[in-house]
Amino acid sequence: MRATVVAMLAAFAGRCGAWAPPRAARAARIRAYSRPSADGVALELRTLKDHAATVKAHVLARGGAEEAAASVDALVELNERRAALQKERDAALATRKKLS
């Protein structure tokens, strides 16, 4: 019943431009029709690092490009570099704190 009333008001608003459904209703309607990739599941960096071969196989099985599969290795490498730089930064901060 409520959906019918909202639809009628929306149709009326289309003619006169005076009414719009509440933001929550609009957002719910948009979420219902949009489908995020992989059903909204995001991969964690740990998953990419621990199961890189499986992730690449899944990317290729879902019709992904070779570049997308190769980017898994690049992400793993960049994450390792980030971790190493973070350790260097932490060591430098510890040294600065010790000297001050």
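Quantities reported herein were computed from a predicted structural model and do not represent experimental measurements. (Residues numbered from 1 in each chain as written. Predicted model: local features only at pLDDT ≥ 70, side-chain atom pairs only at ≥ 80, totals over all residues. Heavy atoms only, no water.)

## Focus on the overall build of the protein
For step 1, the next point in the chain: Assigned secondary structure in the protein consists of five helices and zero strands.
For step 2, the next point in the chain: Listing the helices and strands of the protein from first to last along the sequence gives α-α-α-α-α.
For step 3, the next point in the chain: For the protein, with 100 residues in total, the buried portion stands at 9%. (Helix = DSSP H or I, 4+ residues; strand = E, 2+ residues; numbered from the N terminus. Buried < 20%, exposed > 50% of the residue type's maximum accessible area, 1.4 Å probe, protein only.)

## Topic: the nonpolar core
For step 1, the next point in the chain: Formed by Leu48, Ala52, Val55, Val72 and Val76, the largest nonpolar core amounts to five residues.
For step 2, the next point in the chain: Those elements giving two or more residues to this core turn out to be α4 (52–61) and α5 (66–99).
For step 3, the next point in the chain: Setting aside residues no more than four positions away along its own chain, Leu48 makes contact with Leu43, Val55, Val72, Leu75 and Val76. (Core = buried A, V, L, I, M, F, W, Y, C linked by side-chain atoms within 4.5 Å. Contact = heavy atoms within 4.5 Å.)

## Regarding the confidence of the model for the protein
For step 1, the next point in the chain: Overall, the prediction assigns the protein a mean pLDDT of 76, with 58% of residues at 70 or greater.
For step 2, the next point in the chain: Per-residue pLDDT, averaged within each element of the protein, yields its smallest value for helix α2 (residues 23–33) (51) and its largest for α5 (94).
For step 3, the next point in the chain: Of the regions scoring below 50 in pLDDT, residues 30–35 engages in zero contacts with residues more than four places distant in sequence or in other chains. (pLDDT = per-residue confidence, 0-100.)

## Remarks on the pattern of salt bridges
Where side chains of opposite charge bring their charged atoms close, a pairing between them can arise.
For step 1, the next point in the chain: Under the definition given, this model contains two salt bridges.
For step 2, the next point in the chain: The shortest N-O distance in the salt bridge between Lys56 and Asp73 comes to 3.1 Å. Here the residue Lys56 occupies a position in helix α4, and Asp73 occupies one in helix α5, the gap between them amounting to 17 residues.
For step 3, the next point in the chain: Overall, Lys56 belongs to the partly exposed group, its relative accessible area being 24%.
For step 4, the next point in the chain: In this structure, Asp90 and Arg89 form a salt bridge, with 3.4 Å as the shortest nitrogen-oxygen distance.
For step 5, the next point in the chain: When its relative accessible area of 47% is taken as the criterion, Arg89 is described as partly exposed. (Salt bridge = Lys/Arg side-chain N within 4 Å of Asp/Glu carboxyl O.)

## Digging into the packing of α4 against α5
For step 1, the next point in the chain: The N-to-C vectors of α4 and α5 enclose an angle of 165°; their axes lie 9 Å apart at closest approach. When the axes of α4 and α5 are compared, the pair comes out roughly antiparallel. The two elements α4 and α5 cross, and the hand of that crossing is right-handed. Where α4 approaches α5, its residues Ala52, Val55, Lys56, Val59 and Leu60 are matched on the opposing element by Glu66, Ala68, Ala69, Val72 and Asp73.
For step 2, the next point in the chain: Its residues assigned to classes, the contact of α4 with α5 shows seven nonpolar, no polar and three charged. (Axes fitted to C-alpha atoms, helices over the stretch in contact; angles between N-to-C directions. Parallel < 35°, antiparallel > 145°, perpendicular 65-115°, else oblique. Left-handed = near helix turned anticlockwise from the far one by under 90°. Nonpolar A, V, L, I, M, F, W, Y, C, P; charged D, E, K, R; others polar.)

## Some words on the environment of Asp50
For step 1, the next point in the chain: By secondary structure assignment, the location of Asp50 is in helix α3 (residues 45–50).
For step 2, the next point in the chain: Taking relative accessible area as the criterion, Asp50 reaches 47% and is therefore assigned partly exposed.
For step 3, the next point in the chain: For the pair Asp50 and Val76, spaced 26 residues apart in sequence, the C-alpha separation works out to 9.3 Å.

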